[in-house]
Amino acid sequence: MRSANPFRNPVFFITMIFFGVIWAISLAAIISCSQPPPQPVALGLPPAATQLGVYSIRSYGAVPDDGVDDTVAIDAAIDAAEAYTAANAQSRAVVYMPRGVYQETGVSIVGSRVTVEGPGELKLTGTSGSAAIFVESTARDIMVRDIAINGNNSGSASAGNGVLVQGQRVRLDNLTVRNTKDHSIAASYPCRHVTIER
């Protein structure tokens, strides 16, 4: 007696299709997990990051010691760092400020997990009430370290705060703040967990 053809059995045929689909899904998951982490350009960020998550203000057009306002360039580097941490959960980004003096009217940090670090110096040319660095109430897990801030107080309205903090979990480390018209470092509501070192 001839044996029945298993391919004519509908149960066998459906079972084979089911296991084939499961195998294809498993293979796709293994391949996607083995891909390298995305680079900044793949995330739609500017290619100015010299390494993953590090953004030099020089790459965005800031020029030290030229007496020209660098606010737009510094803001652009901070924006790129914030976009990187927003797209990469639990990541941290660094806004790097190389040695030199950078003129600015005040910059803001609104995102999370951003470090602004020197050894550069910011020279504030904004109006009274502004801040060289303003950590806004939406910001979380921010660090500002190893930079100098010159408030540029000439007795007129051309100076303000060095650092103004309203965010949460903010660490200020090894800052030199001088010549401010208002406050060197100010923390106001709704700030929480602000640490100042050295």
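Attention in this report is confined to the structure presented alongside it. What you are looking at is a predicted structure, and each value in this text was computed from that prediction instead of being measured. (Residues numbered from 1 in each chain as written. Predicted model: local features only at pLDDT ≥ 70, side-chain atom pairs only at ≥ 80, totals over all residues. Heavy atoms only, no water.)

## Quick look at the environment of Y60
Residue placement: Y60 occurs in the loop between β1 (54–56) and α2 (71–87). A relative accessible area of 18% places Y60 in the buried class. For the pair Y60 and D75, spaced 15 residues apart in sequence, the C-alpha to C-alpha distance is 9.0 Å. (Helix = DSSP H or I, 4+ residues; strand = E, 2+ residues; numbered from the N terminus. Buried < 20%, exposed > 50% of the residue type's maximum accessible area, 1.4 Å probe, protein only.)

## Looking at α2
The end-to-end C-alpha separation of α2 is 24 Å, in line with the 24 Å expected for 17 residues at 1.5 Å each. If you check which residues of α2 are buried, you get T71, A73, I74, A77, I78, A80, A81, E82, Y84 and T85. The inward-facing, buried residues of α2 contact β1, β2 (93–96), β3 (101–104), β4 (107–109), β5 (114–117) and β6 (121–124). (Expected span 1.5 Å × (residues − 1). Contact = heavy atoms within 4.5 Å.)

## Overview of the pattern of salt bridges
All told, the structure shown has 4 salt bridges when counted by the stated rule. E121 is the salt-bridge partner of R178, the closest N and O atoms lying 3.1 Å from each other. Pair noted here: R178 is in strand β12 (residues 176–178) and E121 is in strand β6, with a separation of 57 residues, a long-range link. Residue classification places R178 among the partly exposed residues on the basis of a relative accessible area of 39%. Ionic pairing is found between R171 and D173, a salt bridge with its closest N-O pair at 3.8 Å. On the accessibility criterion, R171 (32% relative accessible area) is partly exposed. Note on D173: relative accessible area 10%, which makes it buried. (Salt bridge = Lys/Arg side-chain N within 4 Å of Asp/Glu carboxyl O.)

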